[in-house]
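# An overview of the molecular structure
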Amino acid sequence: MRLSKMHLKTLREAPTEAEIPSHILLLRAGMIRKLASGIYGFMPLGWRSLRKIEEIIRQEMDNTGAQEILMSAVQPAELWEESGRWYAYGPELWRIKDRGGRDFCLGPTHEEIFTDIVRSDISSYRQLPTTLYQIQHKYRDEARPRFGLMRSREFIMKDAYSFDKDREGLDASYDAMYDAYSKIFTRCGLTFRPVEADTGAIGGKGSHEFTALSEVGESEIAYCEKCDMAATVEQAECVDDAPTADSVEMLPLEEVHTPGTKTIEEVADFLGLDKSQTIKALLLEKYDEEGNVSDYVAAFVRGDRDLNMTKLVNALDIPEHAIAFADEEKMSKVTGSVGGFTGPTGLHDCIMVVDSELVGQKNLCGGACKEDYHLKNINFDRDYKADIVTDIKVLKEGDRCPVCGGPIKHTRGIEVGQIFKLGTKYSESMGALYKDDNQEDHPIVMGCYGIGVTRTLAAVVEQHHDDKGIIWPVSVAPYHVIITLVKPDDPIQVALAEEIYSQLQKKGVDVLLDDRDERPGVKFNDADLLGIPLRITVGKLAADGIVEFKLRSQEDKTEISKEEAIESAVTMVREA
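The following paragraphs examine the structure supplied in this document. (Residues numbered from 1 in each chain as written. Predicted model: local features only at pLDDT ≥ 70, side-chain atom pairs only at ≥ 80, totals over all residues. Heavy atoms only, no water.)

### Considerations on the overall build of the protein
The secondary structure content of the protein amounts to 15 helices and 31 strands. Reported as C-alpha extents along the three principal axes, the dimensions of the protein are approximately 95 × 65 × 50 Å. Out of the 576 residues in the protein, the part that is buried amounts to 52%. A fraction of 70% describes how many contacts in the protein between residues 6 or more apart in sequence connect residues 24 or more apart. The positive charge centre, built from 69 side chains, and the negative charge centre, built from 100, are 5 Å apart in the protein. (Helix = DSSP H or I, 4+ residues; strand = E, 2+ residues; numbered from the N terminus. Buried < 20%, exposed > 50% of the residue type's maximum accessible area, 1.4 Å probe, protein only. Contact = heavy atoms within 4.5 Å. Lys, Arg positive; Asp, Glu negative; His and termini not counted. Charge placed at Lys NZ, Arg CZ, Asp CG, Glu CD.)

Below, the structure written as structure tokens:
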């Protein structure tokens, strides 16, 4: 491709709304174009890279035996109602109506559609296992789209669905996808880590998130260097501290005046306690399908701990959108809670969820459900009980690893893919059954597997850039080589540039020829911004058949013959 003929507009400055490197550089390089908040189009160079990522995905998916199809992004509400997700998915589900008033949604995922296909087409165990996939636009009505392609309202995703006759078959399908994902992200040039993850609105039991390591990522990962434990913070299990020794007596409750001490820090300082000797209360309200408050929830963790909202949602068995922090005044009238002074004693008419660590701790301090007062020597079972006792705390950096006991560390990453063991969640609710050799019906056992294609593109840029621009890995670069013609009016330089351009094209190298009538500095800056892996500069030594050879990832430049340049470029592409 000749750059003089390409539709390309680069920007010197980043748009004001762009905050992270991938967003800034993809806009500056003219690879994406913003259409509305969270909605982007792809320009020629960005589209080429995206297609290369898609092709890597296709190759590895096809290698597993999966078959590609394409379904509509517009999905009828009836299928989502069958699965129970029309309400459960929440406000991110982009709901629409046709002119006849029939409900549809723009698909954020396709479990219902693929389950519907299989229940219609598969009736016998002889037709299993099978895996279907597609690469298609998806839609989620994000409340706060940001960071460009990282959290957008329209995106391209690869979603696959496996169908097996039993759990052993699902395990095999899951492992095959796990391996395929590892190959895909390796080929895309990403440094990534598979971690255990919550299943969220997709459902099922058992999931791994493939996370590209990056400080700008929204996924927070807890991991241990002493063993293989790695999980998203939402999913990571915690180890409770040892219970108080049996020899320690339960002391009598004591009400103390603690004026103005509404926070854990304030009450601990006022009473001379360590925060681990206190109880933290979090007050929430639960909603029904119409959005009305159906219950109040009081969650309790130790004062030095943080509430893990995902664990709480799972404990309550409700969708994430069906809970929020309570209006304290309204909750007080119903339950007896007092904002800033709520403890586990004295509450009524609410769901009490107590972190498992509190059960074995003796003589703790918590709110007295009375303005400006706390209670000392609170003990579980004697002074309060719970509707639910489970782990609802965050695994923090420095905590003990739940597997080996080593110190936990935290890092951040970008979720680029996730795989799920759905089991029979959808096949049972939607009647996707197969007959065994005795003609008895069984629900098909399912898995689902997603890759954010556009998010992967952004993740590559996050991991591969410098202060000059993008540094594409060869495998996903829009072009492998850019030939910079210093003087387009010099016939000798033109002839050499054209010869190299022609030879590389014949050898299957994707090559750009910068033949624009621009100053050399502009061309070099654009080559760096666009991130093409190899730059061959045809300049003053063209008469001798000598060019400048420079890898985008390195500062060094070398002067070599045209033959060496062509051979090295071809070798680089073939090895990649």
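### Quick word on the sheet that holds strand 4 (residues 74–76)
The strands that make up a sheet pair up through hydrogen bonds in the backbone, lying either parallel or antiparallel. If you walk across this open sheet you meet the three strands as 4-6-5, and the pairing is antiparallel. Of all the strands in the sheet, the pair left with one neighbour each is strand 4 and strand 5 (94–97). The average angle at which neighbouring strand axes cross in this sheet is 40°, direction not considered. Where strand 4 meets strand 6 (residues 103–106), three bridges bridge the pair, whose relative direction is antiparallel. Across the sheet, Pro 76 pairs through a bridge with Phe 104, a residue of strand 6. (Pairing = 2+ DSSP bridges. Axes fitted to C-alpha atoms, helices over the stretch in contact; angles between N-to-C directions.)

### Observations regarding the nonpolar core
Counting residues in each nonpolar core, the largest one holds 59 residues, and the members touching the most others are Tyr 181, Phe 185 and Trp 472. Excluding residues that lie within four positions of it along the chain, Trp 472 makes contacts with Leu 26, Met 31, Ser 49, Leu 457, Val 460, Val 461, Ala 477, Pro 478, Leu 530, Gly 531, Ile 532 and Pro 533. Within the second largest apolar cluster, 25 residues are counted, among which are Val 481, Ile 483, Leu 504 and Ile 560. (Core = buried A, V, L, I, M, F, W, Y, C linked by side-chain atoms within 4.5 Å.)

### Remarks on the pairing of strand 18 (residues 364–370)
Of all seven residues that make up strand 18, six are buried, and the element is covered over most of its length. Here strand 18 runs beside strand 19 (residues 373–378); their pairing, made up of four bridges, is antiparallel. For Gly 366, the partnering residue across the bridge sits in strand 19 and is Leu 375. Connecting strand 18 to the next strand, strand 19, in antiparallel fashion are two residues, including Asp 372 with a positive phi near 70°.

### Considerations on the packing of aromatic side chains
A ring pair, where both rings are aromatic, is described by two values, the distance of the centres and the angle of the planes. Across all of its chains, the model carries twelve aromatic pairs by this definition. Aromatic side chains Trp 80 and Tyr 89 sit 5.6 Å apart centroid to centroid with 80° between the ring planes, which places their arrangement in the edge-to-face category. With a relative accessible area of 0%, Trp 80 lands in the buried category. Judged by relative accessible area, Tyr 89 falls into the buried class, the value being 10%. Plain terms: the ring middles of Phe 192 and Phe 210 are 6.3 Å apart, the flat faces sit at 40° to each other, and that makes the pair tilted. A residue pair is termed long-range when its members are at least 10 positions apart, and Phe 192 in strand 9 (residues 192–196) and Phe 210 in strand 10 (residues 207–213) qualify at 18 residues. Phe 210 sits in the buried class, given a relative accessible area of 0%. (Phe/Tyr/Trp six-rings, centres within 6.5 Å; stacked < 30°, edge-to-face > 60°.)

### Concerning the sheet that holds strand 27 (residues 481–485)
Here five strands make up an open sheet; going across it, the order is 28-27-29-30-31 and the pairing mixed. Of all strands in the sheet, those with a lone pairing partner are strand 28 (511–514) and strand 31 (558–561), marking the two edges. Direction aside, neighbouring strands of the sheet carry axes that sit 30° apart on average. The pairing of strand 27 with strand 29 (residues 534–538) spans five bridges and is classified as parallel. For Ile 482, the partnering residue across the bridge sits in strand 29 and is Arg 535. Contacts from helix 13 (residues 491–506) reach strand 27, strand 28, strand 29 and strand 30 (546–551) within the one sheet, and its direction differs from that of strand 27 by about 170°.

### Looking at the environment of His 7
Looking at where His 7 falls in the secondary structure, it is placed in the segment before helix 1 (21–28). The exposed category is assigned to His 7, whose relative accessible area is 56%. For His 7 and Met 43, which are 36 residues apart along the polypeptide, the C-alpha to C-alpha distance reads 8.0 Å. The residues contacting His 7, other than those within four sequence positions of it, are Met 43 and Pro 44.

### Considerations on the side chain of Asn 377
Within the element layout of this structure, Asn 377 appears in strand 19. Ignoring sequence-local partners within four residues, the contact set of Asn 377 consists of Leu 251, Pro 252, Leu 253, Glu 254, Asn 363, Leu 364, Arg 382 and Asp 383.

### Some remarks on the packing of helix 2 (residues 44–63) against helix 6 (residues 167–187)
For the pair helix 2 and helix 6, interaxial distance at closest approach is 9 Å and the crossing angle is 150°. The angle between helix 2 and helix 6 places the two elements in the roughly antiparallel class. Classified by chirality, the crossing of helix 6 by helix 2 is right-handed. On the side of helix 2, the interface is formed by Ile 56, Ile 57, Gln 59, Glu 60 and Met 61, while helix 6 contributes Met 177, Ala 180, Lys 183, Ile 184 and Arg 187. Residue composition of the contact of helix 2 with helix 6, grouped by class: six nonpolar, one polar and three charged. (Parallel < 35°, antiparallel > 145°, perpendicular 65-115°, else oblique. Left-handed = near helix turned anticlockwise from the far one by under 90°. Nonpolar A, V, L, I, M, F, W, Y, C, P; charged D, E, K, R; others polar.)

### Details of the side chain of Ser 152
Note on placement: Ser 152 falls in the loop between strand 7 (130–139) and strand 8 (154–164). According to the relative accessible area criterion, Ser 152 is buried, its value standing at 6%. In terms of polar contacts, Ser 152 uses its side chain to reach the backbone carbonyl oxygen of Glu 154, at 3.1 Å. Residue contacts for Ser 152: discarding those within four places in its chain leaves Gly 38, Arg 140 and Glu 142. (Polar contact = N/O pair within 3.5 Å; in protein donor to acceptor, adjacent residues only side chain to side chain.)

### Some remarks on the pattern of salt bridges
Across all of its chains, the model carries 44 salt bridges by this definition. The salt bridge partner of Arg 187 is Glu 60, with a shortest N-O separation of 2.9 Å. Pair noted here: Arg 187 is in helix 6 and Glu 60 is in helix 2, with a separation of 127 residues, a long-range link. Note on Arg 187: relative accessible area 33%, which makes it partly exposed. Measuring nitrogen to oxygen at the nearest pair gives 2.9 Å for the salt bridge that ties Arg 119 to Asp 116. Highlighted residues: Arg 119 and Asp 116, both in helix 5 (residues 111–121), separated by three residues, approximately one helical turn. Judged by its relative accessible area of 23%, Arg 119 is partly exposed. Overall, Asp 116 belongs to the partly exposed group, its relative accessible area being 25%. (Salt bridge = Lys/Arg side-chain N within 4 Å of Asp/Glu carboxyl O.)

### Side note on the packing of helix 2 against helix 12 (residues 453–463)
Where helix 2 contacts helix 12, the axes come no closer than 10 Å and their chain directions differ by 110°. Classed by the angle they form, the pair helix 2 and helix 12 counts as roughly perpendicular. As for how helix 2 packs across helix 12, the hand of that crossing is right-handed. Counted together, Gly 46, Ser 49, Leu 50, Ile 53, Glu 54 and Ile 57 of helix 2 and Val 453, Thr 454, Thr 456 and Leu 457 of helix 12 form the full contact between these two elements. Among the residues making up the contact of helix 2 with helix 12, the classes are represented as five nonpolar, four polar and one charged.

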